[in-house]
Structures are given as C-alpha cells and as structure tokens.
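Here's the letter readout for the chains.
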Amino acid sequence: MNTKITLISSRAFHITALNENALLVSYGNIIDTAINEKIIALHEQLTAAPFGGMIESVPAYASLAVFYDTLIIKQQQTNITSAFDFVQQRVLQLISKIEVQTDIRINTIISIPVYYNGEDLNDVACLHGLSVEELIQIHTTATYRVYMTGFLPGFAYMGTVDERIATARKELPRLCVPAGSVGIAGAQTGIYPVDSPGGWQLIGKTPLKIFDQTKKDPCLLKAGDQVKFVSITKTEFEKRNEYQHH
Amino acid sequence: MSISIIKPGICSAVQDLGRTGYRSLGIGPGGVMDFFAASVANYLVGNDENTAVIEMHFPAATIAFQSDVCISISGADFAAHINDIPVPLYQPLYITNGDLLSFNKNISGARAYLAIGGGMTTDQWLGSYSTNVKVQAGGFKGRLLQKDDVISLNAVAVTKRSKNFSIAPSVIESIYAKENLICCITGPEYQLINTKSENIFSNTSFVISNHSDRMGYRLQGDALSLINSAELVSSAVGFGTIQLLPNGQLIVLMADHQTTGGYPRIAAVITADLPKLAQVRVNTAIKFKLLPLSKAEEILLSMHQTINEIKKGCQNFYAAH
C-alpha cells in the first residue's frame, strides 16, 4: 500500500450477538467502499491488538463479527455484567476512534490473468447484447475491490461489476465448478479457489492458484485488495497453469 | 504403533476441536461436531481435550490395533465391541496388540468418538488436525478414512491400572437430557421475521431432514416468512447459526459451516446445546426455546464447570494410580 486518502464519514451501526461467543457490528445492508474500509480497519486493529479472550474477527461487506472466549473474559473481568457487554465496550471505543478518520488505502493493483473461455461466456454476452470481445473488454477495464473473503477458503468477493455485464446467478447451481474459474454473480465477480458446487456465471479461468494450502499464507487475495483482470490466450494459459490436474 | 482401518464406515474422519484464526480467509474452524464427547474421550485416556480423535457415524469403522494402547469411546452408542465382546462407553479400555474394535448396532446418538492415549500421528494444517475435506488438508491426508488406511500412533507407555473408572451416567445425562429441546438466542436478523413466524419458531416442531450433514441440518416444518423480503449482503455465520432459507425453511449450520452467508440469521443455538444437537438423528423432531443472552452465557459457564470437573477427575485418577 502506498498513498492514503483520508475519508471522514459517519453512519449508524448496530451491535448484536451472533451467538454467545460472537458479537456482530453491522452498518446495514449495503455495499460501500468507505464502510467496507472502516470494517477492514476495525478488523486490522482488533487483530493487531486483540483484547484478552478475543479469538478472531471476520470482516464482511458492511459488518464485522468478533469471536471471543466467553469463559476467559468472565474469568479475567470480574466487574462485568456479561462477556458481551465487555466486548461491546471494547468495540465501541475502537469505532469511536475509527469514526473520526479512516484512511482509504490505495493498494498495489494485483493482476489476474484470465483465459476467457468460460462455459457461460457466450450466454452472458448474448443476454446483454454484447459480443464476447466487448464483454471481455468491459470485464478487464474495471479495477475491482476485494470487499471480503468467504463462502470458500480464499474466495474473494470483488466488485463492482459494470452494469452492462452484471448477471444474476444461474438458477441451477453447477455441482462442480473447477478451481480457477472466474465468474459473475450480480454486480460481483470472483474466482473459485477450489473445486466446489457453485452458481456463478462462468466467463473464464485463471491459471493462477488463488488458494494454495501448502503455503503459509494460503490466499492470494484479501479484503481491501485491488484487482485487475488481464485477458490471456489459451497458449499462455497452458504455459502458466498452476493446477496440476489440467 | 499403529491402527488399521478394516472397514471405513460412513464419513469417519480425524478431527480435533477445530481450526481457529482463519475465518477471515474463508477457512472455517471445522472440527468435531460434539465437543463434549470428544473432550471427555480424551480426558479418559489422559490426553488433553484438543488431541485428535476419530469421529464416526453409523455404520462405524472397524479398526485393528497393532499396539497395546488405552482407548475410550464416547458420544453415540453404536454397540462397541472389542474382539466381539461388548465394551462400555465413557471408560478407559485397554487394548492389546491384535485386538479388533467394531460397532454393530445403531442404538442411540449420531456420532461416536474414539480417543487413543497419546494420540495419532496425523497432519496438522494451520494449527489443527481437523480434516478439511474441501481443501484436502489436515487430519489423515485431508480426507475421510478409507479401507486399509494405516494411522501411526504416538508412542506412549501404557500401564494397565489395577482399578478402572468411568464417567457417571448422570453427568452425561445432564449434557444430553431433553434431547429434543434446543435452546437458542435471537440472531441479528430475528426482527426481520413476522409475528406469526416468531410463533412458529418458538412453538412448533422441526424435523431434521435427510439432507443434513456436518455442514448443516436442514429442518422441515411450517414455513416462516420475513416482514419484507430482502437480499442481504454476506456476513459472518457460526456453528449453530439458524438461517431462514428463501423457501421459508430453516437450516442450522454445523461444524463444517461456511464462514459467511447471505440468508437471515434468525437465531443461534447456544454452545452448551451443540453437543446435544450433534447427537440428534435425522428424521427426529426438535423444538427451539429462546433464552436471553445473559442466560446463554451462564449456561455456558456451568457446562465448562462440568467439563472441568471431569477433566480434574480423570487427571486425579491418573495421578493416583
């Protein structure tokens, strides 16, 4: 990350229990860069300086779940009404700091090569009255933001897809989408990190391993990253293919 | 020192208490479905609670031992036999090289655990021995156990004690009693369901359908509905999260749940009732009871107290004998 842009914004949030070992901060049902940046900032600060009893936090589009060990908190904090209240106070303090000023990070753009030959490529282009070349051009022009990781290990939810190619999920999900497949679901785009059932419209395949369980840092993409897709040929795909079984 | 899988059974796998710290990468904790049974099985053989165990469903595995070890079996009662002689649950069992462990009847519960004194030599991935089938990592080669698999055991001296001990049935009963009543707290989207649905949730039964597995239990019951239907952006979920699907039916997320989801989270099963839920069989009806969060915290503490007493009891036995 290099440049920083300061953003001042404030928005209502809600705090609820996800269960009796996890608290959820939610800024509502919204996909918004500034809010997502705030969520990631909260996640990073909590991860860098966890409170006693904290287990981990999970950032999503507009929410953050904080998992904790109720037992440890109750043992460490004798003057609290509940473990939830204790965690809530900690999170509120952090939010009040972050509310004042959040830096939007301008991350280095990660380039993902894609061989555009997905099974749904023609259908998606057709649906929008575009040629395949136009669709590829639109998909490769935008810079996408990784809003969150979820669904599968290393599955990055990226947006926002140009409305000219945004396409609803398939009505019948496929039983097996191969790892490396690049898809579109509504205004989101993503890459399947492992073979999995899935309903995204498949437009291409990347030769890069998005998820590699043998690596200490197994995920190529993380929340807050910037991504650009680059169209490659079949020959180039085969040359760079990191998946052994293809 | 090893064991061999003579018959694999259904979905037998190496699991521990799960993988923490990687949810933000989309990697869920996984681990055993019934943390109580697995922890207790470990204490009984002198292990710590997070030692990897073998989780089995019915039909369960048939396992041959190539060493003298102390084992224990907990959770579901699948009529465990050693060399065709019935053996009890929740008690240390001394195995001699050449013994055969088998299970021949589905008596009660849904998942049995086998703990082995000293533990097994399996694969650790991101700090856990739990099997993540999706990415084929952790546990035994990242997969379910298969016929002829040979799993090495960690060498540990076995002394057969002159006395034996077991966990009092009343203690086990306190965890699994009222098996059809599952306590929960309201979830982040509880207020999105209408009054009629609130009634359905708290006052009617739901049957655990055949389409239930380690990822989640799909329930069948009266359909619930939202005040306003809305597409939700994805957000975190946990073990025990109860989601409302678009068709009005509920799903309870279990050990192998995804880290995030987009369906309304109307409730969450309290942690203390997860072992009980893990042992409820498919086609059984359950009822939900909503509790305040403070009560859920209290119950969790008292369950940990029970677990701690069992742990101390086992440690004391091994210290004294």
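The structure presented is a predicted model; accordingly, all values stated were derived computationally and were not measured. (Residues numbered from 1 in each chain as written. Chains lettered and ligands numbered in written order. Predicted model: local features only at pLDDT ≥ 70, side-chain atom pairs only at ≥ 80, totals over all residues.)

## Focus on the overall build of chain A
Looking only at helices and strands, chain A has 6 helices and 15 strands in total. Overall, chain A is about 65 × 40 × 35 Å in size when its C-alpha atoms are taken along their principal axes. The buried share among the 246 residues of chain A stands at 44%. Nonlocal contacts in chain A, meaning residues at least 24 apart in sequence, comprise 65% of its contacts between residues at least 6 apart. (Helix = DSSP H or I, 4+ residues; strand = E, 2+ residues; numbered from the N terminus. Buried ≥ 20, exposed ≤ 12 C-beta atoms within 10 Å, placed from the backbone. Contact = placed C-beta atoms within 7 Å.)

## Observations concerning the overall build of chain B
Counting secondary structure elements, chain B contains 5 helices and 20 strands. Computed over C-alpha atoms, the radius of gyration of chain B comes to 20 Å, within 12% of the 20 Å expected from 2.2 N^0.38 for 321 residues, which places it in the range of a compact globule. By its C-alpha atoms, chain B is 65 × 40 × 35 Å across when sized along the principal axes. Of all intrachain contacts in chain B linking residues separated by at least 6 positions in sequence, the fraction that spans at least 24 positions is 75%. (Rg over C-alpha atoms; globule rule 2.2 N^0.38 Å.)

## Remarks on unusual backbone geometry
Residue T160(A) is reached from G159(A) by a cis peptide bond, and omega for that bond is 5°. When you line up the elements, T160(A) lands in the loop between strand 9 (156-159) and strand 10 (174-177). Located in the positive-phi region is D84(B), a residue other than glycine, with phi close to 70°. Mapped onto the elements, D84(B) comes out in the loop between strand 6 (80-82) and strand 7 (85-86). Unusually for a residue other than glycine, D148(B) sits at a positive phi of about 75°. Along the chain, D148(B) turns up in the loop between strand 10 (108-116) and strand 11 (150-152).

## A closer look at the environment of I5(B)
All names here are of chain B. If you trace the backbone, I5 turns up in strand 1 (residues 2-7). Each C-alpha atom of the pair I5 and K147 lies 5.4 Å from the other, and the pair is 142 residues apart in sequence. Aside from chain neighbours lying at most four places away, what touches I5 is A61, I63, L145, Q146, K147, D148 and D149.

## A few points about the confidence of the model for chain B
When the pLDDT values of chain B are averaged, the result is 95; 100% of them are 70 or greater. Both scores are available for the predicted complex, with the pTM at 0.93 and the ipTM at 0.96. (pLDDT = per-residue confidence, 0-100.)

## Topic: the nonpolar core
Counting 162 residues, the largest nonpolar core has I71(B), Y113(B) and V252(B) as its most contacted members. If one sorts the elements of this core by residue count, helix 1 (residues 35-44) of chain B sits on top with 8 residues. Shared between two domains, this core holds at least three residues of each, these being domain 1 (2-100) and domain 2 (109-240) of chain A. Ignoring anything within four residues of it in the chain, the contact list for I71(B) reads V45(B), L93(B), I95(B), L114(B), A115(B), I116(B) and G117(B). (Core = buried A, V, L, I, M, F, W, Y, C linked by C-beta atoms within 7 Å. Domains from an automatic or database assignment.)

## Side note on the interface of chain B and chain A
Accessible area lost when the parts come together is the quantity often used to give the size of an interface. Taken together, the contact between chain B and chain A spans 35 residues of the former and 42 residues of the latter. For the side of chain B that touches chain A, the secondary structure elements donating two or more residues are strand 15 (235-236) and helix 5 (293-320) of chain B. The leading source of residues in the side of chain B that touches chain A is helix 5 of chain B, at 7 residues. Residue composition of the side of chain B that touches chain A, by class: 17 nonpolar, 15 polar and 3 charged. (Nonpolar A, V, L, I, M, F, W, Y, C, P; charged D, E, K, R; others polar.)

## Quick look at the packing of helix 1 of chain B against helix 5 of chain B
All names here are of chain B. Interhelical geometry of helix 1 versus helix 5 gives an angle of 15° and a closest axis separation of 9 Å. Our classification of the angle between helix 1 and helix 5 gives roughly parallel. When the axes of helix 1 and helix 5 are compared, the crossing they make is right-handed. Contacts from F36, S39, V40, Y43 and L44 in helix 1 reach I307, I310, K311 and C314 in helix 5. Of the residues contributing to the contact of helix 1 with helix 5, the split by class is 7 nonpolar, 1 polar and 1 charged. (Axes fitted to C-alpha atoms, helices over the stretch in contact; angles between N-to-C directions. Parallel < 35°, antiparallel > 145°, perpendicular 65-115°, else oblique. Left-handed = near helix turned anticlockwise from the far one by under 90°.)

## Overview of the domain arrangement of chain A
Residues and elements named next belong to chain A. Looking at the assigned domains, one finds that chain A contains domain 1 (2-100) and domain 2 (109-240). Its C-alpha centre places domain 1 at a distance of 30 Å from the equivalent point of domain 2. Across the contact, 7 residues belong to domain 1 and 7 residues belong to domain 2. Of the residues assigned to the side of domain 1 that touches domain 2, the class counts are 5 nonpolar, 2 polar and no charged.

## Description of the confidence of the model for chain A
Put simply, chain A has an average pLDDT of 91, and 91% of its residues get 70 or more. Contacts for the low-pLDDT stretch residues 1-9 of chain A, under 50 throughout, to residues beyond four places or in other chains number 17 contacts.

## Regarding helix 3 (residues 195-203) of chain B
Residues and elements named next belong to chain B. Here helix 3 has its buried residues at S197, I200 and F201. Projected onto a plane normal to the axis of helix 3, the buried residues spread over an arc of 95° and lie on a single side. Along helix 3, the residues that are exposed and aim more than 90 degrees away from the buried face are T195, K196 and N203. Those residues of helix 3 that are buried are in contact with strand 19 (265-269) and strand 20 (285-290). (Arc of directions from axis to C-beta.)

## Remarks on the sheet that holds strand 9 (residues 100-103) of chain B
Pairing in this open sheet of 6 strands is antiparallel, and the strands run 7-6-9-4-1-11 (chain B) from one edge to the other. Strands at the two margins of the open sheet, each flanked by one partner only, are strand 7 and strand 11 of chain B. (Pairing = 2+ DSSP bridges.)

## What about the environment of I31(A)?
Considering the arrangement of structural elements, one finds I31(A) in the loop between strand 3 (22-26) and helix 1 (33-48). With 35 residues separating them in the primary sequence, I31(A) and V66(A) have C-alpha atoms 20 Å apart. Among all residues touching I31(A), those that are not within four sequence positions of it are Y61(A), Y147(A), G159(A) and V233(B).

## Regarding the sheet that holds strand 5 (residues 63-68) of chain A
Residue and element names in this part refer to chain A. Taken together, the 4 strands give an open sheet; going across it, the order is 2-3-5-4, and neighbouring strands pair in antiparallel fashion. Looking along the sheet, the strands with just one partner apiece sit at the ends: strand 2 (14-19) and strand 4 (54-59). Direction aside, the axes of adjacent strands within the sheet are offset by 20° on average. Pairing analysis gives 5 bridges linking strand 2 to strand 3, with the strands arranged antiparallel. Counterpart to T16 in the pairing with strand 3 is L24.

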